[in-house]
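Summary of the model geometry
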Amino acid sequence: RSIRSVWVNACYEKHKSAGASYFIEKSPPNMMRIEVLQSLFPRHIIFANNRNPYAQISSRLHRYAKSGDKISTKDREDKLFAYAEDWKNRAEILKRIIQMQKIPYLSYENFCKKPILLQDVINQSIFNGQIILDFEKKLKVKDYEIGPISNYNERQIKKLNDQDIELITNSLKQRSDLLSYFGYELIN
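Residues numbered from 1 in each chain as written. Predicted model: local features only at pLDDT ≥ 70, side-chain atom pairs only at ≥ 80, totals over all residues. Heavy atoms only, no water.

Regarding the environment of tyrosine 152
Tracing the backbone shows tyrosine 152 in the loop between helix H6 (116-123) and helix H7 (153-157). Judged by its relative accessible area of 18%, tyrosine 152 is buried. With 135 residues separating them along the chain, tyrosine 152 and serine 17 place their C-alpha atoms 30 Å apart. Beyond its immediate sequence surroundings of up to four residues, tyrosine 152 is in contact with Arg51, Tyr108 and Tyr144. (Helix = DSSP H or I, 4+ residues; strand = E, 2+ residues; numbered from the N terminus. Buried < 20%, exposed > 50% of the residue type's maximum accessible area, 1.4 Å probe, protein only. Contact = heavy atoms within 4.5 Å.)

Here you go:
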């Protein structure tokens, strides 16, 4: 009940301030309480989303590990290893949810290439015709310039050096089945 109360209040505030009628929740930790959220919000759409692990790991390193390029080699390696482990753990949970609940999967890369795919997911749900997304609208994402939906993978991966790539690859090799499931490949 307290979770629902917090969410309903947050949604109401967004509705008051911006006129929002629907909300999207994409925080990875909420995968762990998906059944609770589904029971609290019976009118929902659920779909899975994942991103190239190298880009996702680089993004985390440079956004959350303060001064990603200025930390010691050991700290950098530790963080990269931990983030690779996190990607594998989250991917495993996501795979299980996809298979158990038979939900659609839309990768970050496919969404960026063809955003209308998200509208297709919505149109195949109970909200068909109720939610119409505007893919022409410019967006503010994190600290990037306002612009259209864009794939930042290449930009993120270029921030990794050869040792970073090797460390991430060695970790991901252990779960190449997950990479294949989500349509990703190791970088050698």
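Having seen it, we continue.
Points about the confidence of the model for the protein
Looking at the protein, pLDDT values average 91 and 97% of them are 70 or higher. Helix H2 (residues 34-40) is the least confidently modelled element of the protein, averaging 86 in pLDDT, while helix H8 (residues 162-173) averages 98, the highest of any element. (pLDDT = per-residue confidence, 0-100.)

Things to note about unusual backbone geometry
Phi at lysine 102 is positive, roughly 50°, even though this residue is not glycine. Looking at where lysine 102 falls in the secondary structure, it is placed in the loop between helix H4 (73-101) and helix H5 (108-113).

What to know about H8
Here H8 contains 12 residues, and its C-alpha end-to-end distance of 16 Å stays within 8% of the 16 Å for a straight helix at 1.5 Å per residue. Among all positions in H8, only Asp164, Ile165, Leu167, Ile168, Thr169, Ser171 and Leu172 are buried. The N-cap residue of H8 is asparagine 161: its side-chain oxygen and the backbone nitrogen of glutamine 163 are 3.0 Å apart. (Expected span 1.5 Å × (residues − 1). Polar contact = N/O pair within 3.5 Å; in protein donor to acceptor, adjacent residues only side chain to side chain.)

Focus: the side chain of glutamine 156
Tracing the chain through its elements places glutamine 156 in helix H7. Overall, the relative accessible area of 2% leaves glutamine 156 in the buried class. Among the polar contacts made by the side chain of glutamine 156, one reaches the side chain of tyrosine 144 at a distance of 2.9 Å. Not counting residues within four places of it along the chain, the set of residues in contact with glutamine 156 comprises Arg51, Ala55, Ser58, Ser59 and Tyr144.

Regarding the layout of surface pockets
One number sums up the size of the second largest pocket: a volume of about 150 Å³. In terms of lining, the second largest pocket is formed by Trp7, Ala10, Cys11, Lys14, Phe23, Ile24, Glu25 and Lys26. Of the residues in the lining of the second largest pocket, the class split is five nonpolar, no polar and three charged. (1 Å grid on protein atoms, 1.4 Å probe; cavity = no way out; pocket = protein on both sides within 12 Å on 5 of 7 lines; lining within 4 Å. Points joined across faces, edges and corners; volume = space filled by probe spheres on them. Nonpolar A, V, L, I, M, F, W, Y, C, P; charged D, E, K, R; others polar.)

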